[in-house]
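Descriptive structure summary
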Amino acid sequence: MAENNHFIERSLMAVLVLFKESIFSEDCASRKGFLQARDPRVKALMIFVLLLAALFSRSIPFIAGIYGFCLVLALVSSIDILFFWERTLFFIPFFSLFIAAPALFNIFTPGEPLASFHLFGMAVSITKQGAASAGIFFLRVLTSVSLCVLLALTTRHSVLLKVLRVFKVPQIFVMIMGMCYRYIYLFMEIIQDTYTAIKSRCGNISSSARGRKIVAGNIANLWRRSYDMHNQVYSAMISRGYSGEPKVMDEFRAGLKDWLCLGVTLSVFILSLWQNQYLN
Amino acid sequence: MAKSIFELNEVYFSYLNKIPALNGVNLSIEEGSRSAVIGANGTGKSTLLAMLDALVFPRRGSFRAFDKEMSENILNNDEFCRFFRGRVGFVFQNPDTQLFCPTVKEDIIFGPLQLGVAHNEVVRRLEGVAATLKIGHLLDRSPHQLSIGEKKKVAIGSVLAIEPEVLLLDEPTAGLDPQTTRDIIDILIAQNKAGRTIITATHDLHIVDEISDVVYVFGFEKKIVKTAPSSEVLADQNFLQEHNLIHIHRHQHKNLVHLHSH
Ligand SMILES: Nc1ncnc2c1ncn2[C@@H]1O[C@H](COP(=O)(O)OP(=O)(O)OP(=O)(O)O)[C@@H](O)[C@H]1O
Ligand SMILES: [Mg+2]
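So, here is what we can say about the structure in this document. Note that the coordinates shown come from a computational prediction; the quantities given were computed from them, not determined experimentally. Every chain's residues receive numbers from 1 upward, in the order its sequence appears when written. Chain letters and ligand numbers both follow the written order, the letters beginning at A and the numbers at 1. Where totals are concerned, whole chains, interfaces and linings use all residues; where local detail is concerned, this predicted model gives features only for residues with pLDDT of at least 70, and gives and counts side-chain atom pairs only at 80 or more. Hydrogens and water molecules were not included; the side-chain quantities draw on all heavy atoms of the structure.

**Some remarks on the overall build of chain A**
To qualify as a helix, a DSSP run of H or I must reach at least 4 residues; to qualify as a strand, a run of E must reach at least 2; elements of each kind are numbered from the N terminus. A tally of regular secondary structure across chain A gives eleven helices and two strands. Each helix and strand of chain A, placed in order from N terminus to C terminus, yields the pattern α-α-α-α-α-α-β-β-α-α-α-α-α. Every one of the 280 residues in chain A was classed for burial, and the buried ones make up 37%. In chain A, 73% of the contacts between residues at least 6 apart in sequence involve partners at least 24 apart. Residue exposure (1.4 Å probe, protein chains only): buried if accessible area is under 20% of the type maximum, exposed if over 50%, otherwise partly exposed. By definition in these notes, contact holds between two residues if any of their heavy atoms fall within 4.5 Å.

As structure tokens, then:
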């Protein structure tokens with residue numbers, strides 16, 4: 001039992017550390033690579049256009065092509081492809097498969113049967129149309145997630161926030177997002193520290209009632225701390241002349257290569273529209 | 001006589017109207033002077049600095065700054081607010097709350113930008129501050145991922161970039177290594193030589209002598225119990241001990257035990 005507890009504790013801490021590292025590491029973003037060198041505004045626009053193309057297209061090979069393009073971009077941006085798949089393949093597309101799975105069957109998507117079998121005494125079949133729409137759905141999610149992860153991996157989050165501002169997202173909103181991001185980090189630190197502190201003072205938390213008490217006290221404490229911190233941060237902003245509308249400095253510069261990239265992605269987008277017309 | 005910048009007269013302040021933090025404080029700070037505020041934990045040093053930075057206001061008594069009676073109202077006036085914020089800079093005790101931007105660089109330029117300093121001038125100040133504090137290599141990092149000492153330096157940098165006439169520093173050297181402490185003190189001395197007023201709250205008696213001419217000692221009753229030249233305060237061992245500012249050290253040399261204060 002004690003062993004077991006230990007194991008859970010250890011893995012929870014490991015998850016925390018992993019989470020911290022995966023969200024907050026700017027390791028990929030600071031490498032030298034193709035996407036890292038692009039102007040962030042153009043890069044965000046490129047990804048956005050590719051996303052639209054993947055959403056509009058109704059052809060599996062075409063979306064697969066965009067996905068392939070995304071992988072190539074990851075490769076030339078010195079992102080390890082296995083690492084990239086680890087980030088994108090597992091979770092989100094997996095869930096989308098769950099959502100898409102019912103569409104496979106004739107109950108939801110009537111059409112030509114591909115395969116028939118009995119389930120709980122009911123005759124069901126996978127239809128051709130069902131398979132196609134589930135496949136497209138899955139591919140779209142996979143491609144969209146990959147594109148977004150690619151953008152997030154190759155751009156420092158501070159720059160990403162600035163890009164939001166360029167696209168006229170209200171400043172105050174961007175500022176709050178930035179602070180949230182920072183707080184999540186700070187709170188993870190606090191949780192980790194508190195945990196270590198409790199451990200060092202009480203040794204192992206043996207009785208679960210006592211453990212619950214400590215945890216409950218800590219949550220209240222965390223809540224109070226976040227409130228205090230908010231007040232103090234606000235004071236610190238006021239102290240340095242903040243008066244409601246934060247001012248920032250933009251220093252983006254787009255070059256010829258950036259515009260070329262944008263051109264390429266725009267033509268992909270136009271191609272997707274044209275090809276839809278053609279298919280109909 | 002030099003112009004006085006801050007005047008506090010019988011000032012009372014309490015948090016949430018129940019936790020007293022200042023109990024009748026009198027104080028007068030002259031332009032270009034160097035002062036230190038010392039006292040045990042929880043005696044109101046940080047609260048005093050927050051008041052001098054017009055972040056909290058007296059519940060009773062009067063607080064005048066730059067010949068104006070200070071109140072929340074007067075700071076709602078944009079022009080005066082900008083005037084005041086551009087002249088008084090405050091380095092908070094806790095750098096975690098002071099640094100709130102995504103990168104060190106943005107934190108340093110935050111103040112000047114808010115105060116409407118021209119962009120090329122902002123860049124000049126950024127470079128100047130980075131060079132003075134030797135934090136050039138940290139500019140693109142996230143402030144929250146720095147060590148405490150590095151954070152402290154960045155926090156000081158973010159205030160120096162405003163180029164204020166008055167520097168309020170809350171424990172600027174707490175947790176810093178000896179060389180960094182030295183660097184910070186030298187910076188403060190240089191700032192003062194350039195005509196700036198510095199007011200430092202500290203527990204570090206070793207630095208008091210160098211960064212102040214006048215020392216204000218806060219007592220447990222949360223008011224100033226002594227105002228005197230720094231050399232005089234530092235020489236009075238009994239007084240310092242009474243206010244938790246030094247402690248008796250017990251050494252054992254071979255079989256001999258001897259006591260002395262630190
Ligand atoms: N945000 C707050 N809310 C409520 N009470 C506070 C708050 N900040 C400080 N106090 C109280 O006000 C009093 C003075 O606190 P202050 O922070 O000014 O002390 P200090 O001299 O700076 O102490 P230290 O040396 O520990 O920094 C203390 O009794 C403290 O408990
Ligand atoms: Mg304090």
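**Some words on the site of ligand 1**
Residues and elements named next belong to chain B. Any residue with a heavy atom positioned within 4 Å of a molecule or strand is treated as near that molecule or strand. Close to ligand 1 lie 14 residues; Gly42, Lys45, Ser46, Thr47 and Lys222 are nearest. Polar contact is defined as a pair of N or O atoms within 3.5 Å, subject to the rule that within protein one atom must be able to donate a hydrogen and the other to accept it, and that residues adjacent in sequence are counted only when both atoms are side-chain atoms. In the environment of ligand 1, an oxygen atom lies 2.9 Å from a nitrogen or oxygen atom belonging to the side chain of His203. All accessible-area figures derive from a Shrake-Rupley calculation using a 1.4 Å probe, and residue coverage is judged against the displayed protein chains alone. Protein contacts shield 70% of the accessible area of ligand 1, which totals 630 Å² for the unbound molecule. Mapped onto the shell around ligand 1, the elements with two or more residues apiece are strand S2 (19-30) and helix H1 (45-52). Of all the elements, H1 adds the most residues to the shell around ligand 1, at three residues.

**Here we look at empty space enclosed by the protein**
Residue and element names in this part refer to chain B. Lining residues are those with an atom within 4 Å of a point, where the points come from a 1 Å grid over the protein atoms alone and group into cavities, where a 1.4 Å probe fits but cannot get out, or pockets, open sets with protein on both sides within 12 Å along at least five of seven lines. Grid points are joined across faces, edges and corners, and a volume is the space filled by probe spheres set on the points. Taken as a whole and assessed by the stated rule, the structure comprises two cavities of 30 Å³ or more. Of the pockets and cavities examined, the second largest cavity occupies roughly 30 Å³. Contributing to the lining of the second largest cavity are Thr132, Leu133, Lys134, Lys153, Asp183 and Ile187. Residue assignment for the lining of the second largest cavity shows that the elements contributing at least two residues are helix H6 (119-133) and helix H8 (178-193). Basically, the charged four are Asp, Glu, Lys and Arg, the nonpolar ten are Ala, Val, Leu, Ile, Met, Phe, Trp, Tyr, Cys and Pro, and anything else, Gly included, counts as polar. Across the lining of the second largest cavity, the residue classes tally to two nonpolar, one polar and three charged.

**Details of the coordination of the magnesium ion (ligand 2)**
Residues and elements named next belong to chain B. A donor here means an N, O or S atom no more than 2.8 Å from the metal, or no more than 3.2 Å when the metal is Na, K or Ca. Since water is not included, a site may seem to lack partners. For the magnesium ion (ligand 2), the full set of protein donor atoms is Ser46 (OG) and Gln93 (OE1), at a range of 1.9 to 2.2 Å. Taken together, the residues Ser46 in helix H1 and Gln93 in the loop between strand S6 (88-91) and helix H4 (95-98) connect sequence positions 47 residues apart. Residue classification places Ser46 among the partly exposed positions, given a relative accessible area of 28%. Gln93 sits in the partly exposed class, given a relative accessible area of 39%.

**Side note on the sheet that holds S2(B)**
Residues and elements named next belong to chain B. Paired strands, as defined in this entry, are two strands with at least two bridges between them according to DSSP. With antiparallel pairing, the four strands of this open sheet are ordered in space as S2-S1-S4-S5. Every interior strand has two partners, whereas the edge strands, S2 and strand S5 (68-69), have only one. With two bridges joining them, strand S4 (residues 60-65) and S5 adopt antiparallel strand pairing. Counted as the bridge partner of Arg64 is Glu69 from S5.

**Description of the packing of aromatic side chains**
Residues and elements named next belong to chain B. Paired rings are identified among Phe, Tyr and Trp, the last through its six-membered ring, by centres lying within 6.5 Å, and are further divided according to the angle between planes into stacked (under 30 degrees), edge-to-face (over 60) and tilted (the rest). All chains considered together, the criterion is met by eleven aromatic pairs over all chains. On the numbers, 5.3 Å between centres and 80° between planes, the contact of Phe66 with Phe83 is edge-to-face. On the criterion of sequence distance, the pair formed by Phe66 in the loop between S4 and S5 and Phe83 in helix H3 (residues 78-87) is long-range, its members being 17 residues apart. For Phe66, a relative accessible area of 12% gives the class buried. Taking 4.4 Å as the distance between ring centres and 25° as the angle between the ring planes, the aromatic pair formed by Phe90 and Phe92 counts as stacked. Summarising the burial analysis for this pair, Phe90 and Phe92 share the class buried. Aromatic ring contacts, followed pair by pair, group Phe6, Phe63, Phe66, Phe80, Phe83 and Phe84 into a single cluster. Seen from the ring of Tyr12, Arg60 lies directly overhead, with NZ or CZ sitting 4.1 Å from the centre. By definition here, charges over rings are those cases where NZ of Lys or CZ of Arg is within 6 Å of the ring centre and within 35 degrees of the ring normal.

**A look at unusual backbone geometry**
Of note, A:Ser78 is a non-glycine position whose phi angle comes to about 45°, a positive value. Examined against the element boundaries, A:Ser78 turns out to sit in the loop between helix H4 (60-76) and helix H5 (81-88). Of note, B:Asp67 is a non-glycine position whose phi angle comes to about 65°, a positive value. Checked against the element boundaries, B:Asp67 lands in the loop between S4 and S5. Judged by its relative accessible area of 53%, B:Asp67 falls in the exposed class.

**With respect to the nonpolar core**
B:Phe6, B:Leu52, B:Met70 and B:Phe84 are the most contacted members of the largest nonpolar core, which totals 54 residues. Considering each element in turn, this core owes the most residues, six residues, to helix H9 (residues 171-202) of chain A. Leave out the neighbours within four places in its chain, and B:Leu52 touches B:Phe6, B:Leu8, B:Leu27, B:Phe63, B:Phe84, B:Val88, B:Leu168 and B:Ile199. Among the buried residues, those of types Ala, Val, Leu, Ile, Met, Phe, Trp, Tyr and Cys that are joined through side-chain atoms within 4.5 Å form a nonpolar core. A:Leu35, A:Ile47, A:Leu142 and A:Phe269 belong to the second-largest nonpolar core, a separate cluster that totals 34 residues.

**Describing the packing of H4(A) against H5(A)**
Residues and elements named next belong to chain A. Viewed as axis vectors pointing N to C, H4 and H5 meet at an angle of 130°, and their least axial separation amounts to 10 Å. Judged by the angle between their axes, H4 and H5 are oblique. Classified by chirality, the crossing of H5 by H4 is right-handed. Facing H4, whose interface residues are Tyr67, Cys70, Leu71, Ala74 and Leu75, H5 presents Ile81, Phe84 and Trp85. Axis lines are fitted through C-alpha atoms, for helices just across the contact stretch, and the angle between N-to-C directions can take any value from 0 to 180 degrees. Roughly parallel covers angles under 35 degrees, roughly antiparallel covers those over 145, roughly perpendicular covers 65 to 115, and oblique covers all other angles. Left-handed describes a crossing whose near helix is turned anticlockwise from the far helix by less than a right angle; the clockwise case is right-handed.

**Describing the interface of chain A and chain B**
Contacts between chain A and chain B engage 28 residues on the former and 32 residues on the latter. By buried area we mean the combined loss of accessible area, with a 1.4 Å probe, across both parts when two parts are placed together. Contact between chain A and chain B buries roughly 2700 Å² in total, counting both sides, with carbon and sulfur atoms accounting for 60%. Should a side-chain nitrogen of Lys or Arg be within 4 Å of a carboxyl oxygen of Asp or Glu, the pair is scored as a salt bridge. For the interface between chain A and chain B, the tally reads one salt bridge. Two residues, A:Arg240 and B:Asp107, come together in a salt bridge whose shortest N-O distance is 3.2 Å. Here chain A is connected to chain B by four residue pairs in polar contact (both at pLDDT 80 or more).

Everything listed here is a matter of geometry and, on its own, says nothing about what the molecule does.
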